[in-house]
Amino acid sequence: MQWLWALLSVEVIVGTAVFGLVAAYIALYVTRIRIDLRREPGETHFLNAAGQAGIAVPQTDAAPAVDLSVVIPAYKETARLPHMLDNAMAYLTQRKAEDKQFTYEVIIVDDGSRDGTSECALGFSEKFGYDTVRVLRLDRNRGKGGAVRMGMLSARGRTRLMVDADGATQFSDLAKLEKALAGITANGVGIAVGSRSHLEEEPQAKRSLFRTILMHAFHALVYILCVKGIRDTQCGFKLFTRQAALATFSTLHIERWAFDVEVLYIAQQLRVPIAEVQVNWHEVDGSKLDPMWSSLQMGRDLLRIRASYLFGIWKLEQSYI
């Protein structure tokens, strides 16, 4: 009789596991996130001086027209954006002065702000030209990942830099990323990611015990579930070749804080070469990230990323590779 009970126990365990997998698949499928590349009526043009529709957004598959596109997601950033843009434009205009062949554009994506972020950005368009500093205002808040995606798919650059509006990363470190990217790019595909991992144990990276525990827990989950070999997936300073940007952002599902992880997960699955580069970074006040809630949201999204691709609910876009 013991062998019968043992057999029944095994069947119960296997049956429970199968039921759990089926239930997880159904739950993921029913609640699946669909890729939303549609543009609302107000998102098909960059803003002009009057804050109305100006230059049309280029087609996603249009040939590159400038060397570099700088994509800046901005949500309620009237306080921090001007300082960041001052530094970025100082670097870019100086580089242009030294190399007349260098061409660039800056795209500020206003992620549904209601505090005058677009008007703040348009001040730089007026100063540097509406074709050089382009402002794309989203009709609704999509989240940082959604804003970056809209910017990347509205860009004209051969290379495309995503950079946070807070100015926490030294903008001139772009040169480090460009050098690293040039060294790994294969068949027009590559990504160089800025990294703050070297600051984790240094005084300028002081944080509470609670935040330190959350950081290490998040890193462990990222490594176990999604991305291997990248110590800092969350630094908002990443440089893509055009093809790498199109391949990753056209597949992106997660639009909130964990979008960086999905971008790098997609890249690794597509065997896109990735370089991690140490950058100069400092804390800037005004973050909209709530540590507790965002950690729970990120943990949920990491599980969703892994499971959705594992079960084939989400598919990879390979036409650009």
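Note that residues are indexed from 1 along each chain, following the sequence as it is written. Local features in this predicted model are restricted to residues whose pLDDT is 70 or higher, and side-chain atom pairs enter the listing and the counts only when it is 80 or higher, whereas totals over whole chains, interfaces and linings include all residues. Only hydrogens and water are set aside when side-chain values are computed; all heavy atoms of the structure are taken into account.

**Quick notes on the nonpolar core**
As a reminder, the rule being used: Think of a nonpolar core as a cluster: buried Ala, Val, Leu, Ile, Met, Phe, Trp, Tyr and Cys residues, connected wherever their side-chain atoms sit within 4.5 Å. Per-residue accessibility, obtained with a 1.4 Å probe over protein chains only, is compared with the maximum for each type, and a residue is labelled buried under 20%, exposed over 50%, and partly exposed between these values. Labels follow the DSSP assignment, with helices taken as runs of H or I lasting at least four residues and strands as runs of E lasting at least two, numbered in each case from the N terminus.
Membership of the largest hydrophobic core comes to 47 residues, with the highest contact counts inside it found for Phe240 and Phe249. Put simply, the parts of the chain that give this core at least two residues each are strand 4 (104–110), helix 4 (144–152), strand 7 (191–195), helix 6 (209–225), helix 7 (242–249), helix 8 (259–269) and helix 9 (291–310). With 7 residues, helix 8 is the single largest residue contributor to this core. With 36 residues, the next largest nonpolar core counts Leu47, Leu81, Ala88 and Val279 among its residues.

**Structural notes on the pairing of strand 8 (residues 237–241)**
Cut-off, in case you're wondering: One requirement defines pairing of two strands: DSSP has to find at least two bridges between them.
By the criterion of burial, strand 8 is predominantly enclosed, with 5 of the 5 residues buried. Here strand 8 shows two buried faces, one formed by Phe237, Leu239 and Thr241 and the other by Lys238 and Phe240. Relative to strand 8, strand 6 (residues 157–163) runs antiparallel, the two sharing 5 bridges. Considered in strand 8, the bridge of Val163 is made with Phe237. Pairing geometry for strand 7 and strand 8, over 3 bridges, is antiparallel. Residue Val193 lies in a different strand from strand 8, and its bridge partner there is Lys238.

**Thoughts on the confidence of the model for the chain**
Using the following cut-off: Values of pLDDT, which run from 0 to 100, indicate the predictor's confidence residue by residue. Contacts were defined at the residue level, with two residues in contact if any of their heavy atoms lie within 4.5 Å.
With 83% of its residues at a pLDDT of 70 or more, the chain shows a mean pLDDT of 87. Here residues 17–25 is a poorly scored stretch, pLDDT under 50, and it has 3 contacts once near neighbours within four places are set aside; other chains count.

**Description of the side chain of Ser250**
Relative to the elements of secondary structure, Ser250 occurs in the loop between helix 7 and helix 8. Overall, Ser250 belongs to the buried group, its relative accessible area being 13%. When neighbours within four sequence positions are excluded, Ser250 is seen to be in contact with Ile35, Leu37, Ala245, Glu317 and Tyr320.

**Some points on helix 4**
By the criterion of burial, helix 4 is predominantly enclosed, with 9 of the 9 residues buried. Those residues of helix 4 that sit buried are Lys144, Gly145, Gly146, Ala147, Val148, Arg149, Met150, Gly151 and Met152.

**Re the packing of aromatic side chains**
Rule in force here: Any Phe, Tyr or Trp ring, taking Trp's six-membered ring, that has another such ring centre within 6.5 Å forms a pair; planes under 30 degrees apart are called stacked, those over 60 apart edge-to-face, and the others tilted. Geometrically, a charge over a ring is one whose NZ (Lys) or CZ (Arg) sits within 6 Å of the ring centre while staying within 35 degrees of the ring normal.
Within the structure shown, the criterion is met by 6 aromatic pairs. Among the aromatic residues, ring-to-ring pairing joins Tyr91, Phe171 and Phe237 into one connected group. The ring of Phe102 has Arg95 lying over it, and the distance from NZ or CZ to the ring centre is 4.2 Å. For the cation-ring pair, Arg196 lies above Trp281, with the distance from its terminal atom to the ring centre recorded as 5.3 Å.

**Focus: the environment of Met84**
Mapped onto the fold, Met84 is located in helix 2 (residues 81–98). Residue class for Met84 comes out buried when judged on its relative accessible area of 3%. On a C-alpha basis, the gap between Met84 and Val163 in space is 9.6 Å, while along the polypeptide they are 79 residues apart. Residue contacts for Met84: discarding those within four places in its chain leaves Ile72, Val163, Asp164, Ala165, Asp166, Gly167 and Phe171.

**Description of the pattern of salt bridges**
Quick note on the threshold: A side-chain nitrogen of Lys or Arg and a carboxyl oxygen of Asp or Glu constitute a salt bridge if their distance falls within 4 Å.
Here the structure, examined in full by the defined rule, presents 15 salt bridges. For the salt bridge of Asp67 with Arg158, the shortest nitrogen-to-oxygen distance reads 3.0 Å. You can see Asp67 sitting in strand 3 (residues 66–74) and its partner Arg158 sitting in strand 6, a full 91 residues away along the chain. Given the relative accessible area of 25%, Asp67 is considered partly exposed. Exposure remark for Arg158: the relative accessible area of 41% places this residue in the partly exposed category. We note a salt bridge from Asp173 to Lys176, for which the minimum N-O separation is 3.7 Å. Judged by its relative accessible area of 3%, Asp173 falls in the buried class. A cluster of three or more residues bridged by salt bridges with shared partners is formed by Glu105, Asp131, Arg134 and Arg156.

**Here we look at the sheet that holds strand 3**
The strands that make up a sheet pair up through hydrogen bonds in the backbone, lying either parallel or antiparallel. Just so we agree on the cut-off: To define axes, lines are fitted to C-alpha atoms, for helices over the stretch in contact only, and angles between the resulting N-to-C directions are given on a 0 to 180 degree scale.
Pairing is mixed in the open sheet, where 7 strands are placed in the order 5-4-3-6-8-7-9. Both outer strands of the open sheet, strand 5 (133–137) and strand 9 (274–278), are each paired with one neighbouring strand and no more. Taken pair by pair, the neighbouring strands of this sheet meet at an average axis angle of 20°, ignoring direction. Across 5 bridges, strand 7 lies against strand 9 in parallel orientation. Across the sheet, the residue bridging to Ala192 is Ala275, located in strand 9. Of the strands in this sheet, strand 3, strand 4, strand 5 and strand 6 touch helix 2, which is tilted by about 165° from strand 4. The strands touched by helix 4 are strand 3, strand 4, strand 5, strand 6 and strand 8; relative to strand 3, the strand with the most contacts, the crossing angle is about 155°.

**Quick look at the side chain of Ser197**
Applied cut-off: Polar contact is defined as a pair of N or O atoms within 3.5 Å, subject to the rule that within protein one atom must be able to donate a hydrogen and the other to accept it, and that residues adjacent in sequence are counted only when both atoms are side-chain atoms.
In this structure, Ser197 sits in the loop between strand 7 and helix 6. Among the residues examined, Ser197 registers a relative accessible area of 8% and is labelled buried. Here Ser195 takes part through its side chain, which lies 2.9 Å from a polar atom of the side chain of Ser197. Those residues within four positions of Ser197 in sequence are excluded, and the remaining contacts are Arg231, Asp232 and Glu276.

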